[in-house]
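A structural walkthrough
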Amino acid sequence: MNKKQSNKVIISGLGISGLITASLLCKEKIKVECFEPSDISKFATDQRTTAFLNPAIGVFKEIGIWEKIEPLSQPLKEMEIVDIGNSKQEDSTSVVFKPKEISIENFGYNVPNNFLRSELLGWLKKKKNFILHKGDSIVDHYAFDDSILVKTAKGKKLTGNLLVSCEGKDSAIRQREKIKTLKTSYNQLAMVFQVSHSKKHKDRTTEILDSGGPFTIIPLRTPLNQLRSTIVWMDNFDVINKAYSLKNTEFNSVISKKSMGIRGNIRLTGKRQKWPVSSQFSKTLISKRIVLIAESAHVMPPTGAQGLNTSVEDIITLHNICKEALKNDEDLGADRVLKQYQIKRLTQTGSKVFGIHLLNKISMTENKFLKIARKSFLMYLNQSPLLKRTLIKAGLGK
């Protein structure tokens, strides 16, 4: 009788993508070992939120943590785009996307990052087939026909069937494999912060288009009212750096004006965080016994909540391929298995990165004719329910 194939997966990086990947693989009784060099206790101080679309919510339900996350998560019931290209609200054009247009209840939920990380890590720590190597990182690896060997900063050596890079845009595994990337920078920064406001958000996300990039107000769940939101503001370096350095009183005045009064008076309630906006795409997503997922494979501007949701699509695809391989008693790191991931994700992620790149260029344009075209397109959307439904489905990955 043939011995059943034993599989072990090694994951480098335990951000949200790494945690979700580890959870789904552990759920399939696969032995998973994770390496995270940073202090995971600092995850609790992350004040950011993530707008997860419905496919990601399905993953949280499958893992079994959604019941704990849902009470703190804000339903995303409407998406509004407002074009004020001439900075005069009375001349603005807007379009509202509603989930009922494609017969669903919500587009997704806005979930606090710190709470999600805590729940995923707590779930994993209860699993006997999960091992976490805190404060350690993979510094070298060697792929063989039947296994992959990794060496760590603390001198550990271990072998597995598959090495998954969840290391982010500067993935050391990708660099050691000499996998080339296509990169684009925009002379643009994104700044994220939480605010209170005097008008209720009514479960609506509002994206304001002017010049420099979108100013997006994403609702937060609060116990007694709808008067708190997260804002993601993208603009050129000079504008964001100047706003970032302002004292709170001056900053509140700037963001209230930038928001065109759509949420009334706005007041900063937390810290400001900023980072450079860029696009990046790996020319291949696999190597021998290695797979790149999430920002190791693709980076895109935070437009339309596509970044981490595209990463979740990667993870769902890898999970399904691994499940099928287990059913057939196959080696998870075999070339045939990993080629399926490449075929299913390379074109999709490349198209997504390019599409978000174009949307960002359009949103930040200062070209008068492009601004007119942008506004005209939004006006046309209001007259075309079919096109609206098509765009909603595309945004949700359907």
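Here the structure is shown first, and the text comes after it.
This report concerns the structure included in the present document. (Residues numbered from 1 in each chain as written. Predicted model: local features only at pLDDT ≥ 70, side-chain atom pairs only at ≥ 80, totals over all residues. Heavy atoms only, no water.)

**Notes on the side chain of Glu36**
- Along the chain, the position of Glu36 falls in strand β2 (residues 31–36).
- One buried charge, Glu36, has no salt-bridge partner; the nearest side chain with opposite charge is Arg117, at 6.9 Å.
- Engagement of the side chain of Glu36 in a polar contact is seen with the backbone nitrogen of Leu14, the distance being 2.7 Å.
- Among the polar contacts made by the side chain of Glu36, one reaches the side chain of Ser38 at a distance of 2.4 Å.
- The residues touching Glu36, leaving out its near neighbours within four places in the chain, are Gly13, Leu14, Gly15, His133, Lys134, Gly135 and Asp136. (Helix = DSSP H or I, 4+ residues; strand = E, 2+ residues; numbered from the N terminus. Buried < 20%, exposed > 50% of the residue type's maximum accessible area, 1.4 Å probe, protein only. Lys, Arg positive; Asp, Glu negative; His and termini not counted. Salt bridge = Lys/Arg side-chain N within 4 Å of Asp/Glu carboxyl O. Polar contact = N/O pair within 3.5 Å; in protein donor to acceptor, adjacent residues only side chain to side chain. Contact = heavy atoms within 4.5 Å.)

**With respect to the sheet that holds strand β12 (residues 162–165)**
- Strand order across the open sheet formed by six strands is β8-β2-β1-β12-β20-β19, with mixed pairing between neighbours. Two strands close off the open sheet at either side, each with one partner strand: β8 (130–134) and β19 (286–287).
- Sheet topology places strand β1 (residues 8–12) next to β2; five bridges connect them, and they run parallel. When the bridges of β2 are listed, Val9 appears paired with Val32. (Pairing = 2+ DSSP bridges.)

**Remarks on the pattern of salt bridges**
- With the rule as written, the count across this model stands at 17 salt bridges.
- Across the pair Glu33 and Lys31 runs a salt bridge, and its minimum N-O distance is 4.0 Å.
- Glu33 sits in the buried class, given a relative accessible area of 6%.
- In this structure, Asp235 engages Lys258 in a salt bridge whose closest nitrogen and oxygen atoms are separated by 3.8 Å. Here Lys258 lies in helix α7 (residues 248–258) and Asp235 lies in strand β16 (residues 228–236), a separation of 23 residues in the sequence. Across this residue pair, the class does not change: Asp235 and Lys258 are buried.
- Residues joined by salt bridges that share partners form a network here, namely Glu313, Asp314, Arg345 and Lys352.

**What about the sheet that holds strand β3 (residues 49–53)?**
- Ordered by their spatial adjacency, three strands build an open sheet running β3-β7-β4, and the pairing between neighbours is antiparallel. Across the chains shown, the open sheet's two edge strands, defined by having one partner strand only, are β3 and β4 (74–76). Across this sheet, the average inter-strand angle for adjacent strands is 30 degrees, counted without regard to direction.
- Here β4 runs beside strand β7 (residues 108–112); their pairing, made up of three bridges, is antiparallel. Along β7, the bridge assignment pairs Leu76 with Gly108.
- Most of the contacts of helix α4 (residues 113–125) go to β7, to which it runs at about 85 degrees, and overall it touches β3 and β7. (Axes fitted to C-alpha atoms, helices over the stretch in contact; angles between N-to-C directions.)

**Observations concerning the nonpolar core**
- Ranked by internal contacts, the top residues of the largest apolar core, which has 62 residues, are Ile20, Val32, Phe52, Phe60, Leu116, Val164 and Ile293.
- The element contributing the most residues to this core is helix α1 (residues 16–27), with seven residues.
- Look past the residues within four positions of Phe60 in its chain and what remains in contact with it is Ile20, Phe52, Ile65, Trp66 and Leu116. (Core = buried A, V, L, I, M, F, W, Y, C linked by side-chain atoms within 4.5 Å.)

**Examining helix α8 (residues 307–327)**
- Across its 21 residues, α8 extends 31 Å between first and last C-alpha, which sits within 8% of the 30 Å expected from 1.5 Å per residue.
- At the C-terminal side of α8, Asp329 shows a positive phi close to 55 degrees. (Expected span 1.5 Å × (residues − 1).)

**Quick word on the packing of aromatic side chains**
- Within the structure shown, the criterion is met by five aromatic pairs.
- Ring centres of Phe193 and Phe251 lie 5.0 Å apart, and the angle between their planes is 75 degrees; on these two criteria the pair is classed as edge-to-face. One end of the pair, Phe193, is in strand β13 (residues 181–197); the other, Phe251, is in helix α7, with 58 residues separating them in the sequence.
- A relative accessible area of 0% places Phe251 in the buried class.
- Measuring from centroid to centroid gives 5.6 Å for Phe215 and Trp233, while their planes differ by 70 degrees, and the two rings are edge-to-face. (Phe/Tyr/Trp six-rings, centres within 6.5 Å; stacked < 30°, edge-to-face > 60°.)

In short, the description is geometric, and any link to function would need to be established separately.
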